[in-house]
Amino acid sequence: MSAGGVAGLRRFLVARPAPVVVERCDLCAAELPGEHGHLVRPGERALRCACRPCSLLFDAERVGTDGAFVTGYRTVPDRYRRDPAFTLTDAAWDALQIPVSTAFFLLDSTRDGVLACYPSPAGATESELGMDSFDDGVGATRLATLLRPDVEALLVRRPRDGGTGIDGPAALRCVSECFLVPIDACYRLVGLVRTTWKGFDGGAAAWAAIDGFFADVRARARDLRPDEGVPTR
Ligand SMILES: [Zn+2]
Ligand SMILES: [Zn+2]
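All of these numbers come straight from a predicted model, not from anything done at the bench. (Residues numbered from 1 in each chain as written. Chains lettered and ligands numbered in written order. Predicted model: local features only at pLDDT ≥ 70, side-chain atom pairs only at ≥ 80, totals over all residues. Heavy atoms only, no water.)

Caption draft 1: Inspection of the coordination of the zinc ion (ligand 2) at higher detail. For the zinc ion (ligand 2), every protein donor is listed as His36 (NE2), His38 (NE2) and Cys49 (SG), and the spread of their distances is 2.0 to 2.2 Å. Each donor residue of the zinc ion (ligand 2) belongs to the same chain, with the gaps between them written as H-x1-H-x10-C. Linking histidine 36 in the loop between strand 2 (31-32) and strand 3 (37-40) with cysteine 49 in strand 4 (residues 48-50), this pair joins segments that are 13 residues apart in sequence. (Donors = N, O, S within 2.8 Å, 3.2 Å for Na, K, Ca; no water. Helix = DSSP H or I, 4+ residues; strand = E, 2+ residues; numbered from the N terminus.)

What follows is the structure, encoded as structure tokens:
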């Protein structure tokens, strides 16, 4: 772009750039880069930002009961996987009674069963599922056998169901997709929906943000290999 073009554009930039917020490790207060790791405590729906040393030091699985102390924290992994063979019938989805076409599923080690969560303009909505309705549908993917409690989730996007809820234009074009993602990615999606959603149908900005989120997940996700996970059917 020419210098004149930039100057011409600048006149329309009324909003000042957002101040740079320095993120810090919630455990040792070290400065963090924009992309950093997180810790969770089972049963809590909150993330703690963590520097690399703290993610290693405070991970209960690594420290174990033989460690100097048991922290109760778990480090959120950074793997993304996609099940290329994933299919889901409408009946199996309907049995879950989730009113929208995007949801994530997690195992909470402090409770029985599976939690189904979906983003909404008010934040994340949670519902507890029986293992049966889960196993017959979303849980049939081999990804479910890899899922680590508390720190990972199965993220499902279904084709649009007629324009209600958070179903949007991009969902129309795709078949059901299922990813294994770190739980902090789900928090990112929940935050995007909460902050961009406008009115009844979300609006173009919300849909662009959600499509961008899924494009990023697709780019990070590696397809499940035939030797990964246990066949469930
Ligand atoms: Zn730290
Ligand atoms: Zn963070």
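There's more to say after this.
Caption draft 2: Main features of the nonpolar core. Formed by 26 residues in total, the largest nonpolar core has its most connected members in Phe104, Leu155, Val181 and Ile183. Mapped by element, the contributors of at least two residues to this core are strand 7 (102-107), strand 8 (114-120), strand 10 (152-157), strand 11 (177-182), helix 7 (183-196) and helix 8 (203-220). Residue contacts for isoleucine 183: discarding those within four places in its chain leaves Val40, Leu47, Val76, Phe104, Leu106, Asp150, Val151, Glu152 and Ala153. (Core = buried A, V, L, I, M, F, W, Y, C linked by side-chain atoms within 4.5 Å. Buried < 20%, exposed > 50% of the residue type's maximum accessible area, 1.4 Å probe, protein only. Contact = heavy atoms within 4.5 Å.)

Caption draft 3: Seen up close, the coordination of the zinc ion (ligand 1). Protein coordination at the zinc ion (ligand 1): the donors are Cys25 (SG), Cys28 (SG), Cys51 (SG) and Cys54 (SG), at 2.3 Å from the metal. Note that the zinc ion (ligand 1) binds four donor atoms; their angles at the metal cover 102 to 118 degrees, and the shape is tetrahedral. Counting along the primary sequence, the residues that act as donors to the zinc ion (ligand 1) give the motif C-x2-C-x22-C-x2-C. You can see cysteine 25 sitting in the loop between strand 1 (23-24) and strand 2 and its partner cysteine 54 sitting in helix 2 (residues 52-57), a full 29 residues away along the chain. The two residues cysteine 25 and cysteine 54 agree in class, both being buried. (Tetrahedral: all angles 85-135°; square planar, octahedral: opposite > 155°, others 65-115°.)

Caption draft 4: Spatial organisation of the packing of helix 7 against helix 8. Contact geometry of helix 7 with helix 8 gives a least axis separation of 8 Å together with a crossing angle of 165 degrees. When the axis of helix 7 is compared with that of helix 8, the two are roughly antiparallel. Relative to helix 8, the crossing made by helix 7 is right-handed. Counting all contacts with helix 7, which are made through Ala185, Arg188, Leu189, Leu192, Val193 and Thr196, the residues of helix 8 involved are Ala205, Ala206, Ala209, Ile210, Phe213, Asp216 and Arg220. Of the residues assigned to the contact of helix 7 with helix 8, the class counts are nine nonpolar, one polar and three charged. (Axes fitted to C-alpha atoms, helices over the stretch in contact; angles between N-to-C directions. Parallel < 35°, antiparallel > 145°, perpendicular 65-115°, else oblique. Left-handed = near helix turned anticlockwise from the far one by under 90°. Nonpolar A, V, L, I, M, F, W, Y, C, P; charged D, E, K, R; others polar.)

Caption draft 5: Local environment of helix 7. The terminal C-alpha atoms of helix 7, which comprises 14 residues, lie 20 Å apart, in line with the 20 Å expected from a rise of 1.5 Å per residue. Looking at helix 7, one finds that the buried residues are Ile183, Asp184, Ala185, Cys186, Leu189, Val190, Gly191, Val193 and Thr196. (Expected span 1.5 Å × (residues − 1).)

Caption draft 6: Here's a closer look at the packing of aromatic side chains. Tallied over the full model, the rule gives five aromatic pairs. Where tryptophan 197 meets tryptophan 207, the ring centres are 5.9 Å apart and the plane angle is 65 degrees; that geometry is what we call edge-to-face. Highlighted residues: tryptophan 197 in the loop between helix 7 and helix 8 and tryptophan 207 in helix 8, separated in sequence by 10 residues. Like tryptophan 207, tryptophan 197 is buried. Ring centres 5.4 Å apart and planes at 85 degrees place the aromatic pair phenylalanine 213 and phenylalanine 214 in the edge-to-face group. As far as the burial class goes, phenylalanine 213 and phenylalanine 214 line up, both buried. Aromatic ring contacts, followed pair by pair, group Trp93, Phe105 and Phe134 into a single cluster. Over the ring of tyrosine 73 we find arginine 41, and its NZ or CZ is 4.5 Å from the ring centre. The cationic tip of arginine 157 hangs over the ring face of phenylalanine 214; the distance from NZ or CZ to the ring centre is 4.4 Å. (Phe/Tyr/Trp six-rings, centres within 6.5 Å; stacked < 30°, edge-to-face > 60°. Lys NZ or Arg CZ within 6 Å of the ring centre and 35° of its normal.)

Caption draft 7: Focus on unusual backbone geometry. With a phi close to 70 degrees, alanine 29 is a non-glycine residue in the positive phi region. Judged by its relative accessible area of 41%, alanine 29 falls in the partly exposed class. Even without glycine at this site, glutamine 97 takes up a positive phi of about 55 degrees. Residue glutamine 97 is classed as exposed on the basis of its relative accessible area of 71%.

Caption draft 8: Examining the pattern of salt bridges more closely. Enumeration according to the criterion identifies 18 salt bridges in this entry. As a salt-bridge pair, arginine 48 and glutamate 44 come within 3.0 Å of each other at their nearest N and O atoms. For glutamate 44, a relative accessible area of 29% gives the class partly exposed. Glutamate 228 is the partner of arginine 225 in a salt bridge, and the nearest nitrogen-oxygen pair spans 3.9 Å. In this structure arginine 225 comes out as partly exposed when scored by relative accessible area, which is 40%. By relative accessible area, glutamate 228 is classed as buried at 12%. (Salt bridge = Lys/Arg side-chain N within 4 Å of Asp/Glu carboxyl O.)

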